[in-house]
Amino acid sequence: MAKWGKCDFRELEALRERMAKLESETDAFCEACARELAARLLYLVKKRTPVGTPPQAGGIAPEEQERIRQYWSGYSGGTLRRGWTTGQPVKASGGWTIEVINNVFYASYVEYGHRQQPGRYVPALGKQLKQGWVRGKFMLTISQKDVERAAPAMLQKKLEEKIREAMDAE
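As the structure is a prediction and not an experimental result, all values here were calculated from the model. (Residues numbered from 1 in each chain as written. Predicted model: local features only at pLDDT ≥ 70, side-chain atom pairs only at ≥ 80, totals over all residues. Heavy atoms only, no water.)

As for the packing of helix H2 (residues 26-48) against helix H6 (residues 139-168)
It is the contact of H2 with H6, at a shortest axis distance of 9 Å, that shows an interaxial angle of 145°. Here the hand of the crossing between H2 and H6 comes out right-handed. Grouping the constituent residues of the contact of H2 with H6 by class yields 14 nonpolar, two polar and six charged. (Axes fitted to C-alpha atoms, helices over the stretch in contact; angles between N-to-C directions. Helix = DSSP H or I, 4+ residues; strand = E, 2+ residues; numbered from the N terminus. Left-handed = near helix turned anticlockwise from the far one by under 90°. Nonpolar A, V, L, I, M, F, W, Y, C, P; charged D, E, K, R; others polar.)

Some remarks on the pattern of salt bridges
Summed over all chains, the structure comprises ten salt bridges. For Glu66, the salt bridge goes to Arg69, with nearest N and O atoms at 3.6 Å. In this pair, Glu66 and Arg69 both sit in helix H3 (residues 62-72), three residues apart, roughly one turn of the helix. On the basis of relative accessible area, Glu66 is assigned to the partly exposed category, the value being 39%. A relative accessible area of 48% means that Arg69 is categorised as partly exposed. (Salt bridge = Lys/Arg side-chain N within 4 Å of Asp/Glu carboxyl O. Buried < 20%, exposed > 50% of the residue type's maximum accessible area, 1.4 Å probe, protein only.)

Details of the packing of aromatic side chains
Under the criterion given, the structure shown has four aromatic pairs. With a centroid separation of 5.5 Å and 75° between ring planes, the pair formed by Tyr71 and Trp72 is classed as edge-to-face. Centre to centre, the rings of Trp72 and Tyr75 are 5.0 Å apart; their planes meet at 90°, and the pair counts as edge-to-face. Residue class for Trp72 comes out buried when judged on its relative accessible area of 18%. Ring-pair connections join several aromatic residues into one group, and the members of that group are Tyr71, Trp72 and Tyr75. (Phe/Tyr/Trp six-rings, centres within 6.5 Å; stacked < 30°, edge-to-face > 60°.)

Points about the state of the cysteines
Taken as a whole and assessed by the stated rule, the structure comprises zero disulfides. For the unlinked cysteine Cys30, the closest cysteine sulfur is that of Cys33, found at 6.4 Å. Classification of Cys33 as buried rests on a relative accessible area of 4%. (Disulfide = S-S within 2.5 Å.)

Description of unusual backbone geometry
A positive phi angle, close to 50°, is found at Phe138, a residue other than glycine. Relative to the elements of secondary structure, Phe138 occurs in the loop between strand E8 (133-135) and H6.

Structural notes on H3
Think of an α-helix as 3.6 residues a turn; residues three or four steps apart then line up on the same face. Considered for burial, the residues of H3 that qualify are Glu64, Gln65, Ile68 and Trp72. Projection of H3 onto a plane perpendicular to its axis shows the buried side chains occupying an angular sector of 100°, all on one side. Turned more than 90 degrees from where H3 packs its buried face, Pro62, Glu63 and Gln70 sit exposed. Residue Gly74 follows H3 closely and has a positive phi angle near 85°. (Arc of directions from axis to C-beta.)

Put into C-alpha cells, the structure is as follows:
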C-alpha cells in the first residue's frame, strides 16, 4: 500500500482567514472608492464651473456707467462654484451612490442653458439681450463622463492593491 505523505494546511488556513477578513472589509472598501470618485467629480465640476465677472460698462452714458458700477460694487463672483457639495454615501441595491449637489437656484440654468427675451433691457448689465437661447455649460455632465471613463482603471488599481495587501499580510 502506498503512503500519502504529510501535508501542512496552516498556510491554507491563514489564506482562508485573510480572505474572510478581506470579505468583511468590502463595504468599507466600496464606500472609500465611492468617496474618492465623488471627490474627483467634485474637483472636475468645480474647475469647469464658470465664475461671473462684473460687466464692463463701455459705450454708454457716464451716469449710467456710475449706476452700473455702484450696482456691481462688492461683487466677488464664484457663488455657483462654491455651491457644489457631495452628500453621504448610500448603499443601494445596485451599488454605492453619492449625490453631487448644487443648491444655488440658477445652477440648472447654467448647466443646461435657458431661454431669454431678445431685446429686453437688463439694467444690471446696462445692455439689451441679444440671443433667445443661452447655451448651457454642461460642467457636471462633462465631468461625470470624464470620471466614468477614468473609474474602471482607478477601481482596478485600488482593488489590486487591496488584494495584494491581503495576500502579503502575515
